[in-house]
Amino acid sequence: MRYWLFKSEPDAWSWDQQVARGDAGEEWHGVRNYQARNNMRAMELGDRGFFYHSNIGKEIVGIVEVCALAHPDSTTEDARWECVDIRAVKPLKTPVTLEMCKTDPRLADMVLVNNMRLSVQPVTEDEFRVVCELGGVAP
DNA sequence: GCCAACGTTGGC
DNA sequence: GCCAACGTTGGC
């Protein structure tokens, strides 16, 4: 199992909206970046990820799960762009802010801290555990 | 709202 | 295939 982080501006698509989709999940469409797309292509069913609110909040708010493998992005005719579906698993008890990630030495290598602009990122197992700990939930 | 960083596009 | 121009992201 691998771990990931999905970024979304809550104005466009928020954690609450994601939760409202329930187990059916939602297509993570709109990614137009090769690195982010390649990350989604590498995902497997059941992989876990964090849901991060950019701009507003700047914090990791919940845990999601990949529930459909990469498939063509329904929002474009351009065959280059693919995306997975994800569904909400559970919220963090305490959101983990970007500030906290920057401060915690165990998270110094997180892509979130070092490559701000990548919208779908890999997260290591260790980082996943640390963020869960900071967020007050079991991994 | 600004602007730095960075990815993509397109002319040559 | 290079690189300048442009657009977008996202923290501040």
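Residues numbered from 1 in each chain as written. Chains lettered and ligands numbered in written order. Predicted model: local features only at pLDDT ≥ 70, side-chain atom pairs only at ≥ 80, totals over all residues. Heavy atoms only, no water.

In the nomenclature of an unreviewed UniProt entry, chain A is known as EVE domain-containing protein of Ruixingdingia sedimenti.

**Let's talk about the UniProt feature "domain: EVE" (unreviewed entry) in chain A**
Mapped onto this structure's residue numbering, the UniProt feature "domain: EVE" (unreviewed entry) falls at residues 2-134. Taken as a whole, residues 2-134 contains 26% helix and 36% strand, while its terminal C-alpha atoms sit 20 Å from one another. (UniProt positions renumbered as here; feature names shortened; annotations may be inferred. Helix = DSSP H or I, 4+ residues; strand = E, 2+ residues; numbered from the N terminus.)

**Points about the protein's contact with DNA strand C**
The full set of residues close to DNA strand C is Lys-7, Tyr-52, Asn-55, Lys-58, Leu-98, Lys-102, Met-116 and Arg-117. Considering DNA strand C, the proportion of its atoms within 4 Å of the protein that are sugar or phosphate atoms stands at 67%. Within the side chain of Lys-7, one N or O atom sits 2.9 Å away from a phosphate oxygen of DNA strand C. Tyr-52 is positioned with one of its side-chain polar atoms (N or O) 2.9 Å from a phosphate oxygen of DNA strand C. When grouped by side-chain class, the residues that make up the surface near DNA strand C number three nonpolar, one polar and four charged. (Near = heavy atom within 4 Å. Polar contact = N/O pair within 3.5 Å; in protein donor to acceptor, adjacent residues only side chain to side chain. Nonpolar A, V, L, I, M, F, W, Y, C, P; charged D, E, K, R; others polar.)

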